[in-house]
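Observations on the three-dimensional arrangement
For reference, the chains in residue letters:
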Amino acid sequence: MCVSSSGGHWQELMALAPAWQDRKPVYACTQPDAGLPFGITELHPIPDCNRNTLAKFLRAIPAYVRLFRAIRPSAVVSTGALPGLVFILLAKLTGARSVWIESIANCERLSMCGYVASHFADVFFVQAAELADGKRILYTGSVI
Amino acid sequence: MIFAVAGTQLPFPRMMNALDDIAGRTGLRIVVQSADPHFTPRNVETVPFMSGVKFDETVIDCRVIVAHAGIGVMMTAETHGKPLIIMPRRADLGEHRNDHQEATARRFADVPGITVVHTAEELEETLREPDLQPVTLASTPRREALIAAVTKALD
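Please read all numbers here as calculations on a predicted model, not as lab measurements.

1. Observations regarding the interface of chain A and chain B
- The interface of chain A with chain B comprises 40 residues on the first partner and 32 residues on the second.
- Of the roughly 3,200 Å² buried between chain A and chain B, counting both surfaces, carbon and sulfur atoms make up 61%.
- When the buried area of chain A at its contact with chain B is split by residue, Gln11, Ala19 and Ile144 of chain A rank highest and sum to 20% of it.
- Counting the contacts that link chain A with chain B gives two salt bridges.

Okay, structure coming up:
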């Protein structure tokens, strides 16, 4: 299952799509028609939220849980942000594989969601070498 | 036509108002994607947030994109071969939660086709330039390496 917020997060997820082309990706994004320019016709819209919208976040969690339970993914990959983090945590809870790719926009420090994800995701990538620690936080490349 | 976008999360009145003034002074046709109810344009055309396909069509029609310093717009500009002018949002003005846009702008300022501006004056000066070049990203080896690593991570 491939989850992200709209805008740059989704663009980065799409740039990495060849990584899972041999699997059966199920996409979820906070923008319902995000898949159209990429020829993706099946995409699950999910509610958007960020750290400044606590009420929206709390209301969104049941929707994320419902979708996760309906899909029952064997793996979750996300480029962020907060909605993606919830799916990563749900993957962790259910034993599904979880992979987080921190946005290339964050080259000086991790995002808040990324920081949390770095403690839970099975594999955690950053896209700036300066942020890697070679142990839990890995740098292997970047979308640009 | 100049196409201006500022992302989906927060309004960016400093950039929008600068563009409105510039359109009035220069007569340049500027189309702005904005959902900010407080932005009352006098000279620019506003459009609401557009679907992926309609957004792409507008990008294809424009001669230059003006945007906040977001990764998505950089990738969009490269996909459609358009010049890109970016104005980073500033945290101290309440335009974003942190200053990662300024860091992004610094990091990609030398990409061919990207011009970073910080003020309305710099924005106007750049928009008056006739021969802005399109964004080109030499991205493949770093992207391929990350793709390979993600494939391995998913196994």
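2. A closer look at the side chain of Ser142 of chain A
- Residue placement: Ser142 of chain A occurs in the segment after β7 (137-139).
- Of the residues examined, Ser142 of chain A reaches a relative accessible area of 1% and is grouped as buried.
- A polar side-chain atom of Ser142 of chain A sits 3.0 Å from the main-chain carbonyl oxygen of Ile144 of chain A.
- Those residues in contact with Ser142 of chain A that lie beyond four places of it in its chain are Ile104 and Gln127 of chain A together with Arg142, Arg143 and Leu146 of chain B.

3. Points about the sheet that holds strand β3 (residues 43-45) of chain A
All names here are of chain A.
- Within the open sheet, the seven strands sit side by side as β3-β2-β1-β4-β5-β6-β7. Their pairing is parallel. Unpaired on one side and paired on the other, β3 and β7 mark the two borders of the sheet. Along the sheet, successive strands turn relative to each other by an average axial angle of 25 degrees, direction set aside.
- Pairing between strand β1 (residues 2-4) and strand β2 (residues 27-29): three bridges, direction parallel. Within β2, the residue paired with Ser4 across the bridge is Cys29.
- Sheet contacts for helix α3 (residues 82-94): β1, β4 (75-78) and β5 (97-101); angle to β5, the most-contacted strand, approximately 155 degrees.

4. A closer look at the sheet that holds strand β1 (residues 2-5) of chain B
Residue and element names in this part refer to chain B.
- The strand order across the open sheet built from six strands is β3-β2-β1-β4-β5-β6, with neighbouring strands paired in parallel fashion. With partners counted over all chains shown, the strands left at the sheet margins are β3 (45-47) and β6 (114-116), one partner each. Within the sheet, the average angular offset between the axes of one strand and its neighbour, ignoring direction, is 25 degrees.
- Sheet analysis places β1 next to strand β2 (residues 30-33), joined by three bridges and oriented parallel. Paired with Ala4 across the strands is Val32, a residue of β2.
- Sheet strands in contact with helix α1 (residues 13-26) are β1, β2 and β4 (64-67), and its direction is about 160 degrees off that of β2.
- Packed on one face of the sheet, helix α2 (residues 52-61) meets β1, β2 and β4 and runs near 140 degrees to β1.

Cut-offs used in this document
Residues numbered from 1 in each chain as written. Chains lettered and ligands numbered in written order. Predicted model: local features only at pLDDT ≥ 70, side-chain atom pairs only at ≥ 80, totals over all residues. Heavy atoms only, no water. Contact = heavy atoms within 4.5 Å. Buried area = accessible area lost by both parts, 1.4 Å probe. Salt bridge = Lys/Arg side-chain N within 4 Å of Asp/Glu carboxyl O. Helix = DSSP H or I, 4+ residues; strand = E, 2+ residues; numbered from the N terminus. Buried < 20%, exposed > 50% of the residue type's maximum accessible area, 1.4 Å probe, protein only. Polar contact = N/O pair within 3.5 Å; in protein donor to acceptor, adjacent residues only side chain to side chain. Pairing = 2+ DSSP bridges. Axes fitted to C-alpha atoms, helices over the stretch in contact; angles between N-to-C directions.

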